[in-house]
Amino acid sequence: MHATRRGLLAGAATTALAVPSRAADWPARPIRLMVPFAAGGAADSAARAITVVMAQRLGQTIVVENRTGAGGSVGAAAVAAAPGDGYTLLWDASSHLVNPALMKALPFDYASFVPVSLVVRFPGVLAVKADFPGRSVAEFIRQAKARPGAISVGTQGNATAGHVGLLQFTRRAGIEVIHAPYRGGADAARDLAAGAIDAVFITTVSAGPIVDSGRARFLAVTTLERVPSRPDVPTLAESGFPGFESNEWAALFGPAGTPAPVVARLHAALAEALADPAVKHRLALIGAVPVGSAPADFARFVREGRAQMATLVQEAGIRLD
């Protein structure tokens, strides 16, 4: 009896020692980064720019794999099923917070992922067609109140950051508009330029080209502070909506059980990558603003955001396409 107990205790001690040892040796082989979005998009481009430097710092290759479908849940499911050893990671976006409220029959739990860092933000913007009768947020609201349910606003799709941000804005402004969901910000921008819709609530990088060509106008950005690349565009926060913030973002997660030392090393490598001048330049070209939040801060952001999105989805009756 005592021998058996001693054997069990010895086995438990060996196991307890093995986990830190494996974490200390990490990474000993290539790392797979699952990106549940299409190759060539802003989120994918940011991942590839950053992981080049992260791989150098970690001394191992980081292989980016695009696995799209079901609002990003297909790629997330693949990572959720992987061992929590730091060799399979997830590069996700705001859908990480919205999907749990929209998809009740998922074979995994979004809450089980280990948050590593909110890596970059993609500032949003309220822009209008060139001949829209209003040149400020206040004038946009006056037009919307004068014509309830007549002004059409495009987003990059149902349940996206643009859609959620539009809902938050219209609720606070007390206006009613027509939501026009597209399959990406570029499509919404194209129709705005053609005058097929009145406005868009998409990212600055998607709307930028048509604004620069004179076919649309920025009214406000959705970041708390003005965007460095668009310093003349006011924020919604300074346009009568204190504290308003709604942006798309990209972040790094690990599957359940990812050891804290691995998370710490990932975050350190990520911080070095975001400080690299070449990476900063590449991110600026795609309209991404570096963040690199600490794991604990990001974990709190995820918890609070998931609760907020659950309430908004229910109250607004948001549905997937």
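Residues numbered from 1 in each chain as written. Predicted model: local features only at pLDDT ≥ 70, side-chain atom pairs only at ≥ 80, totals over all residues. Heavy atoms only, no water.

A closer look at the packing of helix 2 (residues 42–58) against helix 9 (residues 260–275)
Viewed as axis vectors pointing N to C, helix 2 and helix 9 meet at an angle of 125 degrees, and their least axial separation amounts to 8 Å. By the angle between their axes, helix 2 is oblique relative to helix 9. Crossing geometry of helix 2 relative to helix 9 is assigned as right-handed. For the pair formed by helix 2 and helix 9, the contact residues are I50, V53, M54, R57 and L58 on the first element and R265, L266, A269, L270, E272, A273 and L274 on the second. Looking at the contact of helix 2 with helix 9 residue by residue, the classes come out as 9 nonpolar, no polar and 3 charged. (Axes fitted to C-alpha atoms, helices over the stretch in contact; angles between N-to-C directions. Helix = DSSP H or I, 4+ residues; strand = E, 2+ residues; numbered from the N terminus. Parallel < 35°, antiparallel > 145°, perpendicular 65-115°, else oblique. Left-handed = near helix turned anticlockwise from the far one by under 90°. Contact = heavy atoms within 4.5 Å. Nonpolar A, V, L, I, M, F, W, Y, C, P; charged D, E, K, R; others polar.)

With respect to the packing of aromatic side chains
Applying the stated criterion to the full structure yields 13 aromatic pairs. Look at Y110 and F113: their rings are 6.0 Å apart centre to centre, the planes differ by 45 degrees, and that puts the pair in the tilted class. Of the two residues examined, Y110 and F113, each falls in the buried class. An aromatic cluster of at least three residues, connected via ring pairs, comprises F108, Y110, F113, W249, F253, F298 and F301. (Phe/Tyr/Trp six-rings, centres within 6.5 Å; stacked < 30°, edge-to-face > 60°. Buried < 20%, exposed > 50% of the residue type's maximum accessible area, 1.4 Å probe, protein only.)

Here we look at unusual backbone geometry
Glycine aside, residues mostly have negative phi, and peptide bonds are mostly found in the trans state. Residue P27 is bonded to the preceding W26 through a cis peptide linkage, with omega at 0 degrees. Here the phi dihedral of A70 falls at roughly 55 degrees; this positive angle occurs in a residue that is not glycine. Taking the relative accessible area as the measure of exposure, A70 reaches 47% and is therefore partly exposed.

Brief notes about the pairing of strand 6 (residues 152–155)
Burial along strand 6 is two-sided: S152 and G154 facing one way and V153 and T155 facing the other are all buried. Here strand 6 runs beside strand 7 (residues 178–181); their pairing, made up of 4 bridges, is parallel. By the bridge assignment, S152 is partnered in strand 7 with I178. Following the chain from strand 6 across helix 6 (residues 161–173) to the adjacent parallel strand 7, one finds a crossover that is right-handed. Relative to strand 8 (residues 199–203), strand 6 is paired through 2 bridges, and the arrangement is parallel. (Pairing = 2+ DSSP bridges. Right-handed = clockwise from strand over helix to strand, strands pointing away.)

Examining the sheet that holds strand 10 (residues 248–254)
On the basis of which strands lie adjacent, the open sheet formed by 6 strands has the order 2-1-3-10-4-11 and mixed pairing. Edge strands, defined here as strands with exactly one partner in the open sheet, are strand 2 (62–66) and strand 11 (289–290). The pairing of strand 1 (residues 31–35) with strand 3 (residues 88–92) spans 3 bridges and is parallel. From the neighbouring strand, L33 faces strand 3, where its bridge partner is L89. The strands that helix 2 touches are strand 1, strand 2, strand 3, strand 4 (114–122) and strand 10; relative to strand 2, the one it contacts most, it runs at about 165 degrees.

So, the nonpolar core
L33, I50, M54, W91, V120 and L283 are the most contacted members of the largest nonpolar core, which totals 36 residues. For this core, the secondary-structure elements that each account for two or more residues are strand 1, helix 2, strand 2, strand 3, strand 4, strand 10, helix 9 and helix 10 (277–285). The dominant element in this core, judged by the number of residues it contributes, is helix 2, at 8 residues. In this structure, V79, L102, L118 and W249 belong to the second largest nonpolar core, which totals 26 residues. (Core = buried A, V, L, I, M, F, W, Y, C linked by side-chain atoms within 4.5 Å.)

With respect to the sheet that holds strand 6
If you walk across this open sheet you meet the 5 strands as 7-6-8-5-9, and the pairing is mixed. Strands at the two margins of the open sheet, each flanked by one partner only, are strand 7 and strand 9 (216–221). Pairs of neighbouring strands in the sheet enclose a mean axial angle of 30 degrees, with direction left out of account. Packed onto the sheet, helix 8 (residues 204–212) meets strand 5 (124–129), strand 8 and strand 9 and runs at close to 145 degrees relative to strand 9.

Notes on the pattern of salt bridges
The full count for this structure, using the stated rule, is 12 salt bridges. Across the pair R230 and D212 runs a salt bridge, and its minimum N-O distance is 2.8 Å. With R230 in the loop between strand 9 and strand 10 and D212 in helix 8, this pair connects stretches of sequence that are 18 residues apart. Judged by its relative accessible area of 18%, R230 is buried. (Salt bridge = Lys/Arg side-chain N within 4 Å of Asp/Glu carboxyl O.)

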